[in-house]
Protein chains: 2
Amino acid sequence: MNAPANPPFAYPGLDRVFHERARLGIVTSLAGRADGLSFTELKQLCGVTDGNLNRHLQVLEEAGHVSLAKQTEGRRPQTRIRLTEAGRASFAAYLAELEQVLVEARFAAAQAKGQPA
Amino acid sequence: MNAPANPPFAYPGLDRVFHERARLGIVTSLAGRADGLSFTELKQLCGVTDGNLNRHLQVLEEAGHVSLAKQTEGRRPQTRIRLTEAGRASFAAYLAELEQVLVEARFAAAQAKGQPA
């Protein structure tokens with residue numbers, strides 16, 4: 001038997017760029033801030049190291065979901081990170097997909113309760 | 001400034017064993033079946049290769065979330081995979097956490113709409 005064309009539990013819409021746990025935290029932090037967050041704020045909100053945050057921001061920037069801008073606040077240069085309009089729209093689509101997966105998982109778990117093991 | 005003790009967007013309860021996309025599909029497939037699924041059925045439902053499925057099942061088995069049993073159906077030996085009771089309970093906890101993350105993300109996205117960019 002061949003694999004079906006659309007495996008029902010493959011979840012291709014659950015974009016791994018957003019789904020990865022640390023990036024989900026990063027994007028959710030940014031989603032609430034139209035004016036963005038500084039690198040330092042983002043690091044503290046998400047509990048990640050500089051190296052990890054840099055790596056995840058690179059993935060998000062390459063996908064076009066965030067923009068990074070160098071700014072000077074007082075004497076210190078700062079990187080300001082914002083969710084792009086495209087990133088915001090893609091994240092909304094991801095969240096809709098995630099909700100669907102959650103509904104299915106809840107339904108599956110409830111269904112099994114009535115079955116013989 | 002040090003990192004806060006509980007970064008609000010770190011999501012430690014979003015257990016990576018369940019959160020990884022392929023495993024989320026595998027566990028959701030199994031959650032609906034009290035009597036488990038065969039390796040072949042699971043592979044087809046989730047659209048994964050033999051190698052990938054083996055690797056993910058190993059992670060789930062090591063965490064105690066699934067049990068694997070060799071069975072003979074007709075002439076062919078088959079592996080039957082079931083979600084353990086502990087795995088079912090842990091998955092329910094993961095889904096509750098996931099729902100919380102989804103609510104927060106939705107709230108954040110809605111909040112930003114009223115803010116100046």
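So, here's what we can say about the structure.

What counts and how
- Residues numbered from 1 in each chain as written.
- Chains lettered and ligands numbered in written order.
- Predicted model: local features only at pLDDT ≥ 70, side-chain atom pairs only at ≥ 80, totals over all residues.
- Heavy atoms only, no water.
- Axes fitted to C-alpha atoms, helices over the stretch in contact; angles between N-to-C directions.
- Helix = DSSP H or I, 4+ residues; strand = E, 2+ residues; numbered from the N terminus.
- Parallel < 35°, antiparallel > 145°, perpendicular 65-115°, else oblique.
- Contact = heavy atoms within 4.5 Å.
- Nonpolar A, V, L, I, M, F, W, Y, C, P; charged D, E, K, R; others polar.
- Buried < 20%, exposed > 50% of the residue type's maximum accessible area, 1.4 Å probe, protein only.
- Least-squares fit on C-alpha atoms with pLDDT ≥ 70 in both.
- Core = buried A, V, L, I, M, F, W, Y, C linked by side-chain atoms within 4.5 Å.
- Pairing = 2+ DSSP bridges.

**Focus: the packing of helix 3 (residues 39–46) of chain B against helix 4 (residues 50–62) of chain B**
All names here are of chain B.
So, step 1. Two elements in contact, helix 3 and helix 4, have axes separated by 10 Å at closest approach and are oriented at 105 degrees. On the basis of the axis angle, helix 3 is roughly perpendicular to helix 4. Contact residues: Phe39, Leu42 and Lys43 in helix 3; Asp50, Leu53, Asn54 and Leu57 in helix 4.
So, step 2. Residue composition of the contact of helix 3 with helix 4, grouped by class: four nonpolar, one polar and two charged.

**Regarding unusual backbone geometry**
Residues and elements named next belong to chain A.
So, step 1. Of note in the backbone geometry, Tyr11 takes a positive phi value of approximately 50 degrees without being a glycine.
So, step 2. Looking at where Tyr11 falls in the secondary structure, it is placed in the segment before helix 1 (16–19).
So, step 3. With a relative accessible area of 4%, Tyr11 lands in the buried category.

**Here we look at the relation of the copies chain A and chain B**
Between the two copies of the chain lies a rotation about an axis combined with a shift along it.
So, step 1. Mapping chain A onto chain B calls for a screw motion: a turn of 180 degrees about the axis and a shift of 0.0 Å along it, with 0.0 Å RMSD after fitting. Considering both components of the superposition, the chain copies are consistent with a two-fold axis. Using C-alpha coordinates, one finds that chain A approaches the rotation axis most closely at Glu20 of chain A, a distance of 3.6 Å.
So, step 2. Mapped onto chain B, 100% of the interface residues of chain A again fall at the interface, so both copies present the same surface.

**Some points on the nonpolar core**
So, step 1. If you look at the biggest cluster of nonpolar residues, it comprises 60 residues, and the most contacted ones within it are Leu42 and Phe91 of chain A together with Leu42 and Phe91 of chain B.
So, step 2. Beyond its immediate stretch of four places on either side in the chain, Leu42 of chain B contacts Ile26, Ser29, Leu30, Leu37, Leu53, Leu57 and Ile81 of chain B.

**With respect to the sheet that holds strand 2 (residues 66–73) of chain B**
All names here are of chain B.
So, step 1. Strand order in the open sheet formed by three strands is 1-3-2, and the pairing between neighbours is antiparallel. Sheet topology places strand 1 (37–38) and strand 2 at the edges, where each strand pairs with a single neighbour.
So, step 2. The sheet contact formed by strand 1 and strand 3 (residues 76–83) spans two bridges and is antiparallel. Across the sheet, Leu37 pairs through a bridge with Ile81, a residue of strand 3.
So, step 3. Packed on one face of the sheet, helix 2 (residues 21–31) meets strand 1, strand 2 and strand 3 and runs near 90 degrees to strand 3.

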